[in-house]
Amino acid sequence: MMTDHSEDTPRKKGPNFIEAIVEEDIRTGRDSGRVHTRFPPEPNGYLHIGHAKAICLDFGIAKKYGGKCNLRFDDTNPSKEDVEYVDSIKEDIRWLGFDWEDREYYASDYFGQLFAFAEELIRKGLAYVDDQSSEEMAAQKGSPTVAGTESPYRKRTPEENLDLFHRMNAGEFPEGSRVLRARIDMASPNMHMRDPVIYRILFHPHHRTGEAWKVYPMYDFAHGQSDYFEGVTHSLCTLEFEVHRPLYDWLVEHLKEDSYRPRQTEFNRLNLTYTVLSKRLLLALVKEGKVKGWDDPRMPTLTGLRRRGYTPESIRNFNDSIGYTKVMATNDVGLLEFAVREDLNKRAPRVMAVLDPLKVIITNYPEGKVEDMETINNPEDESMGSRTIPFTREVYIERGDFMEDPPKKYFRLGPGREVRLKSAYIIQCEDYKKDETGKVTEVYCTYDEATRSGGSQADRKVKGTLHWVSATHALEAEVRLYDRLFSDPEPGGHKDKTPMDFLNPDSLTVVKAYVEPSLKQANPLDHFQFQRLGYFNLDPDSRPDQLVFNRTVTLRDTWGGGN
RNA sequence: UGACCCGUGGUGUAAUUGGCAACACGUCUGAUUUUGGUUCAGAAGAGUCCAGGUUCGAGCCCUGGCGGGUCAACCA
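Residues numbered from 1 in each chain as written. Chains lettered and ligands numbered in written order. Predicted model: local features only at pLDDT ≥ 70, side-chain atom pairs only at ≥ 80, totals over all residues. Heavy atoms only, no water.

Before going further, it helps to spend a moment on unusual backbone geometry. Positive phi is not limited to glycine here, since Leu525 has a value of about 75°. In this fold, Leu525 is placed in the loop between strand S22 (508-515) and strand S23 (527-530). Classification of Leu525 as partly exposed rests on a relative accessible area of 31%. Here the phi dihedral of Arg532 falls at roughly 65°; this positive angle occurs in a residue that is not glycine. (Helix = DSSP H or I, 4+ residues; strand = E, 2+ residues; numbered from the N terminus. Buried < 20%, exposed > 50% of the residue type's maximum accessible area, 1.4 Å probe, protein only.)

Following this line, the structure appears as structure tokens:
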């Protein structure tokens, strides 16, 4: 069934385990029944479809239960972050269809409160300054199976620690020379509880606070506390943070002044076949020039998918369909493509385009005659109306739509065969011409005037219907055909190979095509279904005198005979 | 060989307080079609990682295995 996927009538599904938790919290009156989530990106790169999964959850839960969702930039590491990313992230979230209203926050907004909280921990003897190198501390940390040993600085007095911490922030000590650690348990079976570093010295200017601070909180020290400051009730994050939860809770427990405390719940991160979603790899693809940029249509970034022609609705529906669990899952990218086709099938007007032209000359059609043939824009949506396309004596059809010696189940053009030219006439192949290499160069046909679309013989059945464009009216266009960027289903799942070893050399193919004249009026990012060829959109680089189209996704191909 | 998490058709998810394993994608038929698309009708495909236990009855509960993931950044 695919009748109820529109925005107004979402798929009927039972609550996922996170919704079940939220519903239980509401039922028991936890936090007075408030539901408040947050989406917390670090502004150090572009958002990709994996982030979309988190965004749909964070904003989706808030919307479903009448709560709020904050946008919070987790900007605790100035050496990696930049305003460029802040802007792109905001744009991408809006494009996806979500709104944080006036709740745009930054972890850096809380640097003052966080610093004060650190001082409090120091006074309570729950944090200390460590002068060792990171190597020394790593050695003392032990291993998952061997308990760690305590730092020689662990017994410093609160007074000394406070003084050192202030001087760290005053810039008196070089980067890397000292850190502030929480004093928890060096023998904990959970590595994150072995006196984790909570503050480090960084001299890199911060994109928002500039030179104001010389010490910056670590993720673990900033996240739960930021949740607390914002009144977040449900802090949803991905599975790899599961082992951080005890530390999250430990810190919040020491910070809270009332009964309210945010709670972290983890869900599975998105994995897609033939796709890499690690920021490191995506950055490498851009830096090494394997793709043209973050918005290259082959990239799984939201900006790339948008340029490719994917719609926000299709991405939201896709997220809806894959669900949220704690299972390490790998989703078939075909599911995403299905969601795109499903959406585009309803909204994309059908147009004529020929990617690999073969000239057909209709010998009994008058030279110089032009007929305007009416054709419907979208059979899925009558309200999209119709338009006319010019028909002439010479037209182009797809090279693959003619075979000299067609197999039995082939029902397109061949010697002596009849086909209908969509919205025009039935033609019959009388002859064809080949060049020295044996390549077919022209096909000669006759047309039956009575079979004109809407005419007296219009109902006559023939096996095939072909798309075509008038050879004298067609516009030349550049069409970019995209294939998967990686040739392996799990490019990241190999021991001695990197995803780069599986780069698909044919991920981009550029062809010169002929398209119907009406496309001159197309706007950037407009969607089209090129008859029998797939869904395309007009690239933002396109100019009226040089049309450029991207193939968003192919049509479902049920014919095993190839093309 | 520590802690935590996970294990249902090929893939991803469902399965009210234990009650004949459901849905989507994919695959395969057939019908319709001026798109080999769409739409429609139907089919195949798992007995729920394994072994015990509790129970009239277990995918759901218990025990023990096996398998997979995360964690030893002054990243998030």
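From this point, the discussion proceeds with the structure in view.
An order of S1-S2-S3 is seen for the 3 strands of this open sheet, with the pairing classed as parallel. The open sheet terminates on both sides in strands that have one partner only, identified here as strand S1 (36-39) and strand S3 (104-106). Between one strand axis and the next, the sheet turns by 35° as a mean value, whatever way the strands run. Sheet topology note: the S1/strand S2 (residues 68-73) ladder contains 4 bridges and is parallel. Bridged to Arg38 within S2 is Asn70. Strand contacts of helix H2 (residues 49-64): S1 and S2, with the helix running at about 160° to S1, the strand carrying the most contacts. The strands that helix H7 (residues 219-230) touches are S1, S2 and S3; relative to S2, the one it contacts most, it runs at about 135°. (Pairing = 2+ DSSP bridges. Axes fitted to C-alpha atoms, helices over the stretch in contact; angles between N-to-C directions. Contact = heavy atoms within 4.5 Å.)

Structurally, the α-helix is built with 3.6 residues per turn, so residues lying three or four positions apart point the same way. Regarding helix H8 (residues 245-255), the residues found buried are Leu247, Tyr248, Trp250, Leu251, Val252 and Leu255. Its buried side turned inward, H8 meets helix H4 (111-123), strand S5 (179-182), H7, strand S8 (234-238) and strand S9 (263-267).

Glancing now at the packing of aromatic side chains. In total, this model carries 28 aromatic pairs according to the counting rule given. Seen from their ring centres, Tyr396 and Tyr514 are 4.4 Å apart, and the 0° between their planes marks the pair as stacked. Note that Tyr396 is positioned in strand S15 (residues 394-398) and Tyr514 in strand S22, a separation of 118 residues in sequence. Among the aromatic side chains, those forming a connected cluster through ring pairs are Phe111, Phe115, Phe117, Phe165, Tyr199, Trp213, Tyr216 and Phe221. We note Arg34 situated over the ring of Tyr260; from NZ or CZ to the ring centre the distance is 5.4 Å. Of note, Arg178 hangs over the ring of Phe173, and the distance from its end group to the ring centre comes to 4.0 Å. (Phe/Tyr/Trp six-rings, centres within 6.5 Å; stacked < 30°, edge-to-face > 60°. Lys NZ or Arg CZ within 6 Å of the ring centre and 35° of its normal.)

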